[in-house]
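# Survey of secondary and tertiary structure
The primary structure of each chain is shown beneath.
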Amino acid sequence: MNATNSALLSVFAVIGLGLVLGRVSIKGFSLGTSGVIFVGILAGQFGFSVPKELGTGGIVLFVYCLGIGAGPSFLQVLRRRGQDLFGLAILMLLAAVMTAWLVAVLLN
């Protein structure tokens, strides 16, 4: 088996295990397609790697799958809770800026 086949086999193993993990539900919570990312991170910690092009393609497919899953309800949620979510985003940004400023002051 050459390196390309090995990398492709690793990618499909990560995707398969991630989808299985994503289907596991604990008290109504499941990871869904995000399970693939978590399994990918874990595989990377154990030294598995893939060529850069294959990794980029995997990220593109992951984002595409998230978009397909979230797309139908995205505009509805934005209409209903858009102002709340915008306020939360601003609050998070302010918290990050204040934390960075505080760390900079404390550490000179």
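Residues numbered from 1 in each chain as written. Predicted model: local features only at pLDDT ≥ 70, side-chain atom pairs only at ≥ 80, totals over all residues. Heavy atoms only, no water.

### Re the overall build of the protein chain
Convention followed: The way it works is that DSSP assigns letters per residue, a run of H or I at least four long becomes a helix, a run of E at least two long becomes a strand, and they are numbered from the N terminus. It is over C-alpha atoms that the radius of gyration is taken, and the globule rule equals 2.2 Å times the number of residues to the power 0.38. The buried label goes to any residue with under 20% of its type's maximum accessible area, the exposed label to any with over 50%, and the partly exposed label to all in between, with areas taken from a 1.4 Å probe on protein chains only. Residue contacts are defined here by distance: any two heavy atoms, one from each residue, within 4.5 Å place the two residues in contact. Per-residue and other accessible areas follow the Shrake-Rupley method at a 1.4 Å probe size, with only the shown protein chains counted as cover for residues.
For the protein chain, the count of helices and strands is three helices and zero strands. Taking 108 residues into account, the globule formula puts the C-alpha radius of gyration at 13 Å, and the protein chain, at 19 Å, lies well above it. Each principal axis of the C-alpha distribution contributes one length, and for the protein chain these read about 55 × 45 × 30 Å. Relative to its 108 residues, the protein chain shows a buried fraction of 11%. For the protein chain, the share of sequence-separated contacts (at least 6 apart) that also reach a separation of at least 24 residues comes to 41%. Split by element, the accessible area of the protein chain, about 8,900 Å² in all, is 73% carbon and sulfur.

### Quick word on helix α2 (residues 34-45)
Note the following rule: What a helix is expected to span follows from its residue count: subtract one and scale by 1.5 Å. Here, the arc refers to the directions that run from the helix axis to the C-beta atoms.
Here α2 contains twelve residues, and its C-alpha end-to-end distance of 17 Å stays within 8% of the 16 Å for a straight helix at 1.5 Å per residue. Those residues of α2 lying buried are Gly 35, Val 36, Val 39 and Ala 43. Each buried residue of α2 sits inside an arc of 100° when the element is viewed along its axis, so together they form one side. In the stretch just after α2, Gly 47 is the one whose phi turns positive, near 95°.

### Quick word on helix α3 (residues 52-106)
Across its 55 residues, α3 extends only 39 Å between first and last C-alpha, which sits more than 12% below the 81 Å expected from 1.5 Å per residue. Following α3 by one or two positions, Asn 108 adopts a phi angle in the positive range, close to 60°.

### Things to note about a nonpolar patch on the surface
Inclusion rule: Only residues above 30% relative accessible area that lack a salt bridge enter a patch, with like-charged residues linked at up to 9 Å and the nonpolar side chains Val, Leu, Ile, Met, Phe, Trp and Tyr linked at up to 5 Å. In what follows, salt bridge is the name for a side-chain nitrogen of Lys or Arg lying within 4 Å of a carboxyl oxygen of Asp or Glu.
A surface patch of nonpolar side chains, amounting to about 710 Å² of accessible area, comprises Leu 21, Val 24, Ile 26, Ile 37, Phe 38, Ile 41, Ile 59 and Val 63. Listed by contribution, the elements that provide at least two residues to the nonpolar patch are α2 and α3. A total of three residues in the nonpolar patch trace back to one element, the largest contributor, which is α2. Of note, Val 63 is situated in helix α3.

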